[in-house]
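Here is how the chains run, residue by residue.
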Amino acid sequence: MSAIGLRTPVAPASGLRGLVRVLLSQHRRALWAAGALLVLGVAIVVGLRIWVAVASSAERCADGDTTRCGDGSYLPTYARTATENYLASGGTAVLLLAGLVGVFVAGPLIARELESGTFRLAWAQSASPAQWLAARLALPAVLATTGMTVLVLVYRWGWTGIRSNPHASGLSWYQNGIHPALGPTAVAYALLAVAVGALCAVLVRRTVLSMSLTALVLGTVMLGFGKRRYELWPAVRALGGDYPTGDSWHIESGMLTASGKEIYWKDCFGAGSPESFTGCLRNRGGITNFIDYHPASHFWPLQLVETGILLVLAAAAVALAFRVLRRRHG
């Protein structure tokens, strides 16, 4: 037989490492795109810091003095104002990137092969179903963890530098648009996105449907934590005139009755002036003012509790994905 036009078959890579190498080769364009997004995000934060530093000499008082104003009439430059607005959405951007990882990377890596049936080729060679799934989880998980860690460190550096200005506004640590990007919560969201994308792909085995379901689940989780994050750690209560100072997160306020019942300011919404609010609360039996808040020292407890919950959810989703795959394919 003539050997012309025939190629010697290449031995398939064995084990998890071989599967990862194949995935890197197959999805190199997507990896280059993800790397470009990472570089772009870092460049934006660095560029904003440089822009503010160059323009800071133009910050002046209303009377034209270039020193800090003592009368509260400090005039920031456009560079600083724009930078504060951009950084105020850093946490939202990080959550969006985490969602994209789950919707467009982790899920399709698995669902596309299950839908087309090409997974049988890998299983018929040297990879078990568990190894096949592990490779498709490990690759996006490692890349997402690395990328998110870099973004968090750079964003925190940019946020800290801009926020150090005593006149900075709209950059409080507890804001939904900021808090997720300041610590390990961002990495946990990325890992959860990978896990949910994989689980949805294994369950529905259809690429578009799994992407839609992943987006729905992740959006629900992110919105839920955004609305209830303050409940992850016990708030501090200040009574009487002992109001919190510094960058504190105001949760609730009102008055306590003689029996200790809480009457909230919102219960008297529409009463008019502050005096009317006070009168409304006292008419309801209020005798002592109270404020529930999170001081700045609660940043790390809130971050770590949320991170822990997200990692537990991610681990549960991964375990369920392996269990579903094992039941269906042995």
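Our subject is the structure that appears above.
**Q** Would you take a moment to explain the overall build of the chain for this structure?
**A** Counting its regular elements, the chain contains 10 helices and 4 strands. Reading the secondary structure of the chain in the N-to-C direction produces α-α-α-α-α-α-α-α-β-β-β-α-β-α. Within the chain, the proportion of its 330 residues that are buried is 40%. Partitioning the intrachain contacts of the chain with sequence separation of at least 6 by distance along the chain shows that 76% fall at a separation of at least 24. Carbon and sulfur atoms make up 63% of the accessible area of the chain, which amounts to about 17,800 Å² in all.

**Q** Explanation requested: the side chain of T185 in the structure shown.
**A** Mapped onto the elements of the fold, T185 is located in helix α7 (residues 185–204). If sequence neighbours within four positions are ignored, T185 has contacts with P180, Q303, E306, T307 and L310.

**Q** Help me understand the side chain of S210, please; the structure alone is not making it clear to me.
**A** When you line up the elements, S210 lands in helix α8 (residues 207–228). Residue class for S210 comes out buried when judged on its relative accessible area of 1%. For S210, the contacting residues outside a window of four places in its chain are A111, C200, A201 and V204.

**Q** Quick question: what am I supposed to make of α7 here?
**A** Side chains that are three or four residues apart share a direction in an α-helix, a result of its 3.6 residues per turn. Between its first and last C-alpha, α7 extends 28 Å over 20 residues, near the 28 Å set by a 1.5 Å rise per residue. Of all 20 residues that make up α7, 17 are buried, and the element is covered over most of its length. Backbone geometry just after α7 places R205 at a positive phi near 60 degrees.

**Q** How do you make sense of the packing of aromatic side chains when you look at a structure like this?
**A** One pair of aromatic rings is described through two measures. These are the centre distance and the angle between the planes. Applying the stated criterion across every chain, the model contains 8 aromatic pairs. Taking 6.1 Å as the distance between ring centres and 85 degrees as the angle between the ring planes, the aromatic pair formed by W173 and F299 counts as edge-to-face. One end of the pair, W173, is in the loop between α6 (129–163) and α7; the other, F299, is in helix α10 (residues 299–329), with 126 residues separating them in the sequence. Here W173 and F299 have matching classes, each one buried. Both rings, one in F299 and one in W300, keep their centres 5.0 Å apart while their planes meet at 75 degrees; by these two values the pair is edge-to-face. A residue is classified by how much of its surface remains accessible, and F299, at 7% relative accessible area, is buried. Overall, W300 belongs to the partly exposed group, its relative accessible area being 42%. Members of the aromatic cluster, connected to one another through ring pairs, are W173, Y174, W249, F299 and W300.

**Q** For this particular structure, what's the right way to read the packing of α7 against α8?
**A** Each pair of packed helices gets described by two things: the angle between the helix axes and the distance between those axes. Where α7 contacts α8, the axes come no closer than 9 Å and their chain directions differ by 145 degrees. The handedness of the crossing between α7 and α8 is right-handed. Between α7 and α8, the residues in contact are Y189, L192, A193, V196, G197, C200, A201 and V204 and L209, S210, L213, T214, V217, L218, V221, M222 and F225, respectively.

**Q** How should I be thinking about the environment of T83 in this particular structure?
**A** Along the polypeptide, T83 turns up in helix α3 (residues 78–87). Once the C-alpha coordinates of T83 and W51 are considered, the two residues, 32 residues apart in sequence, prove to be 8.5 Å apart. Contact partners of T83, with chain neighbours within four places excluded, come to L48, W51, V52 and I162.

**Q** Is there a simple way to explain the pattern of salt bridges in this structure?
**A** Any two side chains of opposite charge can pair, given that their charged atoms come close. Enumeration over the complete set of coordinates arrives at 6 salt bridges. The residue D247 makes a salt bridge to R163 at a minimum N-O spacing of 2.1 Å. Taken together, the positions of D247 in the loop between β1 (236–239) and β2 (249–256) and R163 in helix α6 put the pair 84 residues apart, joining distant regions of the chain. A single salt-bridge network, built from bridges that share partners, covers R237, E262 and D292.

About the cut-offs
Residues numbered from 1 in each chain as written. Predicted model: local features only at pLDDT ≥ 70, side-chain atom pairs only at ≥ 80, totals over all residues. Heavy atoms only, no water. Helix = DSSP H or I, 4+ residues; strand = E, 2+ residues; numbered from the N terminus. Buried < 20%, exposed > 50% of the residue type's maximum accessible area, 1.4 Å probe, protein only. Contact = heavy atoms within 4.5 Å. Areas by Shrake-Rupley, 256 points an atom, 1.4 Å probe, with all protein chains shown as cover. Expected span 1.5 Å × (residues − 1). Phe/Tyr/Trp six-rings, centres within 6.5 Å; stacked < 30°, edge-to-face > 60°. Axes fitted to C-alpha atoms, helices over the stretch in contact; angles between N-to-C directions. Left-handed = near helix turned anticlockwise from the far one by under 90°. Salt bridge = Lys/Arg side-chain N within 4 Å of Asp/Glu carboxyl O.

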